[in-house]
Amino acid sequence: MRYGSDDVKSPVSDEKNLIKIIDETDNLYGFERASGLDPSECGKTILASSEIISALSEEALKRNLMVEKRVCHHLENYHALRTPEKFSLKRREALENQLKALKRDDKKESFDMESAVLFRVAKDFKRHAAAVLQTVDKENKNQGPYEGDNKAQVLEMETVFTDYVLSALIRLNGSLL
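Everything quoted here is computed from the prediction, not taken from an experiment.

A. Just the layout of surface pockets, in detail. In this model, the largest pocket occupies a volume close to 280 Å³. Looking at the largest pocket, it is lined by 16 residues, and the ones nearest its centre are V8, L99, K103, E109 and F111. Elements with a contribution of two residues or more to the lining of the largest pocket: α3 (78-82), α4 (89-102) and β5 (109-112). The class makeup of the residues in the lining of the largest pocket is seven nonpolar, one polar and eight charged. Of the voids in this model, the second largest pocket is the one considered here, and its volume is about 210 Å³. Looking at the second largest pocket, the residues that line it are K9, Y78, H79, R82, T83, E85, K86, K138, E139, N140 and K141. Of the residues that constitute the lining of the second largest pocket, the class distribution is one nonpolar, three polar and seven charged.

This is how it looks when you write it as structure tokens:
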């Protein structure tokens, strides 16, 4: 189970209380190639454990939490895909085209560097994996995501998230072993 922060650029302010349940990932290339997959199979969708997703959904319903199931696109280079304007025009256009190619109309999207790897390892070893992401302000030029007001907001929501995730996993009661 991964609980971490969403790397999506410019999140909507309403998302600070939103629990993003990641039920699928994609865009994982380097790790999959290093895992011996045929290059034509790399980057495709990897699904989360339906059992964990059910437990997370049931727990959220019980607690009346605001949740949303999302696809999480893997980032190999956090800075390149969050700040393409920092690169030469040619590279910027290439990076922006990569982001456009990932765009989905059927589901909201998140980004991180960990969930897809976790899902791939779980799939390879016939285990279960899922992820929950929290919105953290990574846009503030004056404060880091874990400084000042940002830190207070993150810590407040971490209390909700950690108790929620732990309770959802306890709900499984060892059924995935």
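From this point, the narrative continues.
B. The arrangement of the packing of aromatic side chains in detail. As enumerated under the stated definition, the model contains one aromatic pair in all. With a centroid separation of 5.4 Å and an interplanar angle of 25 degrees, the aromatic rings of Y3 and F161 are classed as stacked. Here the residue Y3 occupies a position in strand β1 (residues 2-6), and F161 occupies one in helix α6 (residues 148-172), the gap between them amounting to 158 residues. Assessed through its relative accessible area of 26%, Y3 is described here as partly exposed. What makes F161 buried here is its relative accessible area of 0%.

C. Representation of the side chain of E32 within the structure. In this structure, E32 sits in helix α1 (residues 30-34). Exposure remark for E32: the relative accessible area of 1% places this residue in the buried category. In terms of polar contacts, E32 uses its side chain to reach the backbone amide nitrogen of G43, at 2.7 Å. Among residues more than four places away in sequence, those in contact with E32 are L37, E41, C42, G43, K44, I46 and R120.

D. Inspection of the nonpolar core at higher detail. In terms of nonpolar packing, the biggest core is built from 26 residues, with L56, F119, V132 and Y164 touching the most fellow members. Among the secondary structure elements, those contributing two or more residues to this core are β2 (19-26), α2 (50-63), α5 (115-124), β6 (131-135) and α6. When residues no more than four places from it in sequence are discounted, the contact partners of V132 are M1, R2, Y3, G4, I19, K20, L56, F161, Y164 and V165. If you look at the next biggest cluster of nonpolar residues, it comprises eight residues, including L81, L95, L102 and F111.

E. Here's a closer look at the pattern of salt bridges. Counted under the stated rule, the structure contains 21 salt bridges. E24 is the partner of R104 in a salt bridge, and the nearest nitrogen-oxygen pair spans 3.1 Å. Here E24 lies in strand β2 and R104 lies in the loop between α4 and β5, a separation of 80 residues in the sequence. Measuring nitrogen to oxygen at the nearest pair gives 3.0 Å for the salt bridge that ties R120 to E32. Residue R120 is found in helix α5, and its partner E32 is found in helix α1; the two are separated by 88 residues along the sequence. Look at R120 and you get buried, because its relative accessible area is 8%. Counted as one network, the salt bridges with shared partners bring together D6, E15, K20, E68, R70 and K108.

Rules of the game
Residues numbered from 1 in each chain as written. Predicted model: local features only at pLDDT ≥ 70, side-chain atom pairs only at ≥ 80, totals over all residues. Heavy atoms only, no water. 1 Å grid on protein atoms, 1.4 Å probe; cavity = no way out; pocket = protein on both sides within 12 Å on 5 of 7 lines; lining within 4 Å. Points joined across faces, edges and corners; volume = space filled by probe spheres on them. Helix = DSSP H or I, 4+ residues; strand = E, 2+ residues; numbered from the N terminus. Nonpolar A, V, L, I, M, F, W, Y, C, P; charged D, E, K, R; others polar. Phe/Tyr/Trp six-rings, centres within 6.5 Å; stacked < 30°, edge-to-face > 60°. Buried < 20%, exposed > 50% of the residue type's maximum accessible area, 1.4 Å probe, protein only. Polar contact = N/O pair within 3.5 Å; in protein donor to acceptor, adjacent residues only side chain to side chain. Contact = heavy atoms within 4.5 Å. Core = buried A, V, L, I, M, F, W, Y, C linked by side-chain atoms within 4.5 Å. Salt bridge = Lys/Arg side-chain N within 4 Å of Asp/Glu carboxyl O.

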